[in-house]
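# Structural overview
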Amino acid sequence: MLPCLLLPVLALGLVRAHAAEPHACTPLTPAVMDNATVAGLLGHWVYIMGASNYPPHVAEMKELKYATFTFLPGSHDDEFSVTETLRLNETCVVRNASKILIFRHNSTLMHVEGQEASMAELIKTDKELLVLKHSKESFLGLSLSARTPNVSKEHLEAFRAQLRCLGFTQEETFVTSPKDACPPEGKEKDEATLATAEV
């Protein structure tokens, strides 16, 4: 995940694929993965919402109350290292042992953590937003992240409309809340609630 929660942040939200997306849906156009696009992905992101009807990811998404992640330059141009901070129910978790591999030819990001790998297609959108179309076997999904927790009503409604068009129900859609944000590392009053995962 980016977590297998970032891809629940990157792998958040998988919906069973149908033969074709409904014609009324706004097309999900892959981003052009040029140098400017790749550079524009670097930095801090806040996971806003995602949708899924794939039971294992639904269970993970129910626990995910808030998440942020940062893409940092990796060992080569088409690789990012990743730091994730998640609140899973009442526990804050920091993960920094994963990486993102960039495949420019098909606008795809691969999140690699240990022996696990998840794929997501980068969708063309506003430069302050990160929309990912996730794929795993015969399942698909959609997630929305942004530079800040404050996403405009217009952007949120457009994303919600896309989810409805793709057949997601309210029960399959999960939204995080800034009130559940983890405090900066070292500021947690109860240190027992802050865990660091290196795997």
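This write-up is about the structure you can find in this document. Because the structure is a prediction, the values reported are computed rather than measured. Sequence order as written defines residue numbering, which begins from 1 separately in each chain. Residue-level local features of this predicted model are given only where pLDDT is at least 70; pairs of side-chain atoms are given and counted only at 80 or more, and the full residue set underlies all totals for whole chains, interfaces and linings. In computing side-chain properties, one takes all heavy atoms of the structure into account and sets aside hydrogens as well as water.

## Focus on the side chain of Gln162
- Helix numbers and strand numbers start at the N terminus; a helix is a DSSP run of H or I with at least 4 residues, a strand a run of E with at least 2. For Gln162, the location among the structural elements is in helix α3 (residues 153-165).
- Each residue's exposure class comes from its accessible area (1.4 Å probe, protein chains only) as a fraction of the maximum for that residue type: buried when under 20%, exposed when over 50%, partly exposed otherwise. On the basis of relative accessibility, which here comes to 9%, the residue Gln162 falls in the buried class.
- The contact definition used throughout considers only heavy atoms, calling two residues in contact when any of these lie within 4.5 Å. Look past the residues within four positions of Gln162 in its chain and what remains in contact with it is Cys25, Thr26, Leu28 and Leu142.

## With respect to the packing of aromatic side chains
- A pair of aromatic rings is counted whenever rings of Phe, Tyr or Trp (Trp by its six-membered ring) have centres within 6.5 Å, and the orientation is called stacked for planes under 30 degrees apart, edge-to-face for over 60 and tilted otherwise. Under the counting rule described, the total for this entry stands at two aromatic pairs.
- Their ring planes at 55° and their centres at 5.3 Å tell us that Phe69 and Phe71 sit as a pair that is tilted.
- Assessed through its relative accessible area of 1%, Phe69 is described here as buried.
- Here Phe71 and Phe80 contribute two aromatic rings whose centre-to-centre distance is 5.4 Å and whose plane-to-plane angle is 25°, an arrangement assigned as stacked.
- With a relative accessible area of 2%, Phe80 lands in the buried category.

## Focus: the nonpolar core
- Counting residues in hydrophobic clusters, the biggest one holds 25 residues, and the most contacted among them are Phe71 and Leu130.
- Mapped by element, the contributors of at least two residues to this core are α1 (35-41), β2 (43-51), α2 (55-63), β3 (64-73), β4 (79-88), β5 (91-103), β7 (116-123) and β8 (129-136).
- For our purposes a nonpolar core is just a set of buried Ala, Val, Leu, Ile, Met, Phe, Trp, Tyr and Cys residues, chained together by side-chain atoms within 4.5 Å. Cys25, Phe159, Leu163 and Leu166 belong to the second-largest nonpolar core, a separate cluster that totals 18 residues.

## What about the pairing of β5?
- For two strands to pair, DSSP has to find at least two bridges joining them. Alignment of β4 against β5, held across nine bridges, turns out to be antiparallel. Note on β5: the bridge partner recorded for Glu84 is Arg95.
- Connecting the antiparallel pair β4 and β5 is a turn made up of two residues, with Asn89 showing a positive phi of about 55°.
- Inspection of the sheet shows β5 paired to strand β6 (residues 108-113) by five bridges, in the antiparallel sense. Along β6, the bridge assignment pairs Phe103 with Thr108.

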